[in-house]
Structures are given as structure tokens and as C-alpha cells.
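Descriptive analysis of the structure
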Amino acid sequence: MRLLFAAAVVAALVVGCAGPPSPGAAGSSGASARLGNLGSTFDATPDYPGYPWTRDGHQVKPEEMGTSAGPAHCGWQSATFLGIGWPVGTLSASAAQLRQYIRDPRGSVRADLRDRLGLGVVLPTDARTTGYRYGRIEVFLSPTDQDQAIYLVGPSAVERWPRADPMALCS
């Protein structure tokens, strides 16, 4: 029962109550992720539960780390929501154990998220991998700004996704 509750909490917090995944959506950008193309991968992210992330070679649950499209009924489907258990590696059971970062180049969720998004940035020298991977895409945190942003790194690009604090929730 507790796991079911945790899954429900994370689904609501990460994607603001998005529906089930659309058929074939999770595999639609699989080739892009293998190539590490961040734009192709995250411009059309599948609905919750989103992409299957791994850590130490093992797939993790969305309550630990997940990326999925924002809910369509709020008009946020063009944004990608990243939820990560906090501290890193935590299987979140509540909002207190989760951080939310949002890639929103169109500003559909909030203008400040669009304005703080960095596409094609340089990875800070103090950034360290979290161990999370999707194909050739890796997630990094910088101790100097981990409360403000998270970094997604592909072979040819780095993006800085702003933290949504307070979390963006869809009603």
C-alpha cells in the first residue's frame, strides 16, 4: 500500500496528474537517446512514466528518477518534467523527498522556467554525474547550483534545466 501511495504522489508531483503513456511513445525517441540528441529526445517526451532511466546499469523507478511530458489537459505537454529523489538515489515517497526540474523552452508552464533554461551551455567544472543515464544522455549536478538547476549531458550538447521551486502542479 505504501508503494502504491508513493507512486501516486510522484506521478502527481512529477507530471501534474498526466494520463497513461500513449502507445509507442516511450520508444519513439529511443534512437535519439542512443545518439544523445537532447533536443530530439526532450522536445517530444512521452507521458508518465516517461523514459526508462538507469543507474549503475539497472533501471530505476520513476519515484527515484524520471522524465516525462507535462500534462496535456493543462497545456504543458511541450515541457519535460524531471523528478529526482532527494538526496540523489532516494526512492521518493513524498514531495519532501523529491526535486522537480523543468525543460520548458516555450514557456507553457511558467515564463521564469523558460527564461532560466540553458540550451547549449558549458558544464560547470565542479559538476558531478548522478549516475543516471538514458542511452547516451547523463544527468549531472553542480554543488554550486544544485538548488537551482540540473544538467543533462549528451555527446554533443549540455542543457541546464531550472528547478521548479515551488513545484509546478497542474489542477
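Relevant structure appears above.
Values in this document were obtained by computation on a predicted structure and should not be read as measured data.

1. Some remarks on the overall build of the protein chain
Regarding its fold elements, the protein chain presents five helices and 10 strands. Burial analysis of the protein chain (171 residues in total) assigns 50% to the buried set. In the protein chain, the proportion of contacts linking residues at least 24 apart, taken out of those at least 6 apart, comes to 56%. Accessible surface, the protein chain: about 7800 Å² in total, of which carbon and sulfur atoms supply 56%.

2. What to know about the sheet that holds strand β4 (residues 80-85)
The three strands are arranged β3-β4-β5 in an open sheet whose pairing can be described as antiparallel. Every interior strand has two partners, whereas the edge strands, β3 (65-69) and β5 (98-103), have only one. Neighbouring strand axes in the sheet, compared pairwise and without regard to direction, differ in orientation by 20 degrees on average. Here β3 runs beside β4; their pairing, made up of five bridges, is antiparallel. What sits directly across from Ser-68, in β4, is Phe-81.

3. Focus on the nonpolar core
Formed by 19 residues in total, the largest nonpolar core has its most connected members in Trp-53, Ile-150 and Leu-152. Among the elements of the structure, α4 (38-42), β4, β7 (128-134), β8 (137-141) and β9 (149-153) are those that each provide at least two residues to this core. In terms of residue count, the dominant contributor to this core is β8 (three residues). Beyond its immediate stretch of four places on either side in the chain, Ile-150 contacts Leu-82, Ile-84, Tyr-101, Val-139, Phe-140, Leu-141, Glu-159, Arg-160 and Trp-161. Within the second largest apolar cluster, nine residues are counted, among which are Phe-81, Leu-113, Ala-164 and Cys-170.

4. Things to note about the state of the cysteines
This structure, assessed with the given rule, holds one disulfide. The side chain of Cys-74 participates in a disulfide bridge whose partner is Cys-170; the two sulfur atoms lie 1.4 Å from each other. Its torsion about the S-S bond being 60 degrees, the disulfide of Cys-74 and Cys-170 is classed as right-handed. On the criterion of sequence distance, the pair formed by Cys-74 in the loop between β3 and β4 and Cys-170 in the segment after β10 (158-162) is long-range, its members being 96 residues apart.

5. Section: the packing of aromatic side chains
By convention here, two paired aromatic rings are described through the distance between centres and the angle between planes. What the rule picks out here adds up to five aromatic pairs. When the ring of Phe-42 is compared with that of Tyr-51, the centres are 6.0 Å apart and the planes differ by 80 degrees; the resulting orientation is edge-to-face. On the basis of relative accessible area, Phe-42 is assigned to the buried category, the value being 1%. Seen from their ring centres, Trp-76 and Phe-81 are 5.9 Å apart, and the 20 degrees between their planes marks the pair as stacked. For the pair shown, Trp-76 and Phe-81 are each scored as buried. Members of the aromatic cluster, connected to one another through ring pairs, are Phe-42, Tyr-51, Trp-53, Tyr-134 and Trp-161.

Quick notes on the rules
Residues numbered from 1 in each chain as written. Predicted model: local features only at pLDDT ≥ 70, side-chain atom pairs only at ≥ 80, totals over all residues. Heavy atoms only, no water. Helix = DSSP H or I, 4+ residues; strand = E, 2+ residues; numbered from the N terminus. Buried < 20%, exposed > 50% of the residue type's maximum accessible area, 1.4 Å probe, protein only. Contact = heavy atoms within 4.5 Å. Areas by Shrake-Rupley, 256 points an atom, 1.4 Å probe, with all protein chains shown as cover. Pairing = 2+ DSSP bridges. Axes fitted to C-alpha atoms, helices over the stretch in contact; angles between N-to-C directions. Core = buried A, V, L, I, M, F, W, Y, C linked by side-chain atoms within 4.5 Å. Disulfide = S-S within 2.5 Å. Phe/Tyr/Trp six-rings, centres within 6.5 Å; stacked < 30°, edge-to-face > 60°.

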